[in-house]
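# Summary of structural features
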Amino acid sequence: LASVLAITPDEEALYGISGDMPENIAEFARGCIVAVKAFSLGLTNGVILPGMRDDPHGRFGDGSAQPTALHLGRALDGLMNHLSAKTDPNGKTLADVTTIVFKGDTPKDPLDRNVWPDNTPQNSNWVYVYGAGYLKSGWFGGVDRGGGARGFDPAPGAVAPFNSGDSL
């Protein structure tokens, strides 16, 4: 399977992989390329990839947040374009049937740009999900400007008090 899963220069270009892209983002993008190929060949229906594997403390304070976001955005745009170009056995594009989950073990405090510490408001955690239209879109719960965490109750579909005992 090495030859059919091999990454081509055109695929790297699709994902924005270039000499100025940080290697950790390029590794993530290459993992996405192989995942899309494996999905389109029916080799698997799920992939877990490591994230950035770097230390983001100070990222906003030192000015590296913007180029990091730009490169990661290019990689994710490439992923969506690649998924959109491939179909599953039912004729739907892979973009229409793929769920993408971003979850970290230690989100950062969104209220401190300088050192971006690990301690999140009320020790909260969050997950970003792309559900291809199969999940309700929007932001559920969150952190307010005062540093308080908000929860979400799916039964009424409304903001609820944050419960630090809830976990995923």
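In short, a report on the structure. Keep in mind the model is a prediction, meaning the values are calculated, not measured.

## A look at the overall build of the protein chain
Within the protein chain, the secondary structure is distributed over 4 helices and 5 strands. Listed N to C, the secondary structure of the protein chain is α-α-α-α-β-β-β-β-β in terms of helices and strands. Its C-alpha atoms give the protein chain principal-axis dimensions of about 50 × 40 × 20 Å. When burial is assessed residue by residue, the protein chain has 29% of its 168 residues classed as buried. Look at the contacts in the protein chain between residues 6 or more apart in sequence, and 53% of them connect residues 24 or more apart. Summing over all exposed atoms, the protein chain offers an accessible surface of approximately 10,700 Å²; the carbon and sulfur share of this is 54%. Averaged over its 13 positive side-chain charges, the protein chain has a centre that lies 4 Å from the centre of its 19 negative ones.

## Observations regarding helix H4 (residues 65–85)
Here H4 contains 21 residues, and its C-alpha end-to-end distance of 30 Å stays within 8% of the 30 Å for a straight helix at 1.5 Å per residue. Those residues of H4 lying buried are Ala65, Thr68, His71, Ala75, Gly78, Leu79, His82 and Leu83. For H4, the arc enclosing every buried residue in end-on projection is 160°, short of the 170-degree limit, so these residues lie on one face. Projecting away from the buried face of H4 at angles above 90 degrees are the exposed residues Gln66 and Ala85. Against the buried residues of H4 lie helix H2 (9–14), helix H3 (23–40) and strand E1 (100–103).

## Brief notes about the nonpolar core
Soluble globular proteins: nonpolar side chains tend toward being buried together. In terms of nonpolar packing, the biggest core is built from 16 residues, with Tyr15, Ile17, Val36, Leu79 and Leu83 touching the most fellow members. Every element with two or more residues in this core is listed here: H3 and H4. For this core, the element with the highest residue contribution is H3, accounting for 7 residues.

## Details of H3
The end-to-end C-alpha distance of H3 is 26 Å, a good match for the 26 Å that 18 residues give at a rise of 1.5 Å each. Buried within H3 are the following residues: Asn24, Ile25, Ala26, Phe28, Ala29, Gly31, Cys32, Ile33, Ala35, Val36, Lys37 and Ala38. Against the buried residues of H3 lie helix H1 (2–5), H2, H4 and E1. The positive-phi residue at the C-terminal boundary of H3 is glycine 42, with phi of around 75°.

## Some thoughts on the sheet that holds strand E3 (residues 142–143)
Whenever strands of a sheet pair, they do so through backbone hydrogen bonds, lying parallel or antiparallel. Here we have 3 strands laid out as an open sheet, ordered E3-E4-E5, and antiparallel in their pairing. Edge strands, defined here as strands with exactly one partner in the open sheet, are E3 and strand E5 (158–161). When E3 meets strand E4 (residues 149–153), the two strands line up antiparallel, connected through 2 bridges. Looking across to E4, one finds that valine 143 is bridged to alanine 149.

## As for the pairing of E4
Linkage of E3 to E4, two consecutive antiparallel strands, is achieved through a turn of 5 residues, within which glycine 147 is found at a positive phi near 95°. Summarising the sheet, E4 and E5 pair through 4 bridges and their orientation is antiparallel. Following the sheet pairing, aspartate 153 is matched in E5 by alanine 158. In this structure, the hairpin formed by E4 and E5 is closed by a connection of 4 residues, where glycine 157 is found at a positive phi of approximately 75°.

Conventions adopted
Residues numbered from 1 in each chain as written. Predicted model: local features only at pLDDT ≥ 70, side-chain atom pairs only at ≥ 80, totals over all residues. Heavy atoms only, no water. Helix = DSSP H or I, 4+ residues; strand = E, 2+ residues; numbered from the N terminus. Buried < 20%, exposed > 50% of the residue type's maximum accessible area, 1.4 Å probe, protein only. Contact = heavy atoms within 4.5 Å. Areas by Shrake-Rupley, 256 points an atom, 1.4 Å probe, with all protein chains shown as cover. Lys, Arg positive; Asp, Glu negative; His and termini not counted. Charge placed at Lys NZ, Arg CZ, Asp CG, Glu CD. Expected span 1.5 Å × (residues − 1). Arc of directions from axis to C-beta. Core = buried A, V, L, I, M, F, W, Y, C linked by side-chain atoms within 4.5 Å. Pairing = 2+ DSSP bridges.

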